[in-house]
Amino acid sequence: MQPHKAQVLSRYRELLRLIHRLPSDKATAAKAEAQQTIRQRQTETDPEAQLQYLKELVARISFLRITTPRPVGEKLEGGSYVLRDGSLVKGSGEEKGTRYACNCFFSRIPLPSSLNQSLYIAFGWL
């Protein structure tokens with residue numbers, strides 16, 4: 001797991017923090033399972049298998065984020081997301097990026113020009 005070692009360790013720590021939130025009977029079993037799984041997979045040399053294992057780890061973390069209660073006082077992870085070049089990215093609308101004719105939401109979505117013009121007319125922007 002050399003290429004993804006730092007990512008795996010970071011995600012593993014996050015997984016353990018989330019497991020710590022579980023009730024004690026479930027936490028013990030989940031921690032043992034996580035440790036055993038990580039140890040078994042650390043000798044994997046196939047890059048595709050490593051990437052698959054990392055995806056599984058991220059999926060497990062995502063599931064635990066949803067199902068485990070958040071301790072009082074813990075910060076919520078938030079942020080601003082914008083549509084850039086057809087994909088959702090973290091950032092704000094003030095950063096440099098592809099801009100279109102006006103500063104409205106629909107003008108930032110890359111659409112065929114005929115559809116884009118139809119939106120402009122429909123919303124009275126032209």
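Residues numbered from 1 in each chain as written. Predicted model: local features only at pLDDT ≥ 70, side-chain atom pairs only at ≥ 80, totals over all residues. Heavy atoms only, no water.

### With respect to the overall build of the protein chain
Here comes step 1: When helices and strands are counted, the protein chain shows 4 helices and 2 strands.
Here comes step 2: Start at the N end of the protein chain and walk to the C end: the helices and strands fall as α-α-α-β-β-α.
Here comes step 3: By residue count, 23% of the 126 residues in the protein chain fall in the buried class.
Here comes step 4: Carbon and sulfur atoms form 55% of the exposed surface of the protein chain, whose accessible area is close to 9500 Å². (Helix = DSSP H or I, 4+ residues; strand = E, 2+ residues; numbered from the N terminus. Buried < 20%, exposed > 50% of the residue type's maximum accessible area, 1.4 Å probe, protein only. Areas by Shrake-Rupley, 256 points an atom, 1.4 Å probe, with all protein chains shown as cover.)

### Concerning the layout of surface pockets
Here comes step 1: For the second largest pocket, the calculated volume is near 230 Å³.
Here comes step 2: Lining of the second largest pocket is provided by 14 residues; of these, Leu15, Thr37, Arg41, Leu57 and Arg60 occupy positions nearest its centre.
Here comes step 3: Those elements that provide at least two residues to the lining of the second largest pocket are α1 (5–20), α2 (24–41) and α3 (47–67).
Here comes step 4: The residue inventory of the lining of the second largest pocket, partitioned by class, reads 9 nonpolar, 1 polar and 4 charged. (1 Å grid on protein atoms, 1.4 Å probe; cavity = no way out; pocket = protein on both sides within 12 Å on 5 of 7 lines; lining within 4 Å. Points joined across faces, edges and corners; volume = space filled by probe spheres on them. Nonpolar A, V, L, I, M, F, W, Y, C, P; charged D, E, K, R; others polar.)

### Side note on α2
Here comes step 1: Look at α2: 26 Å from first C-alpha to last across 18 residues, which is about the 26 Å you get at 1.5 Å a residue.
Here comes step 2: For α2, the full list of buried residues reads Ala27, Ala30, Ala34 and Ile38. Projected down its long axis, α2 shows its buried positions confined to an angular sector of 70 degrees, all on one face. Facing away from the buried surface of α2 by more than 90 degrees, the exposed residues are Asp25, Thr28, Arg39 and Gln40.
Here comes step 3: Buried residues along α2 sit against α1 and α3. (Expected span 1.5 Å × (residues − 1). Arc of directions from axis to C-beta. Contact = heavy atoms within 4.5 Å.)

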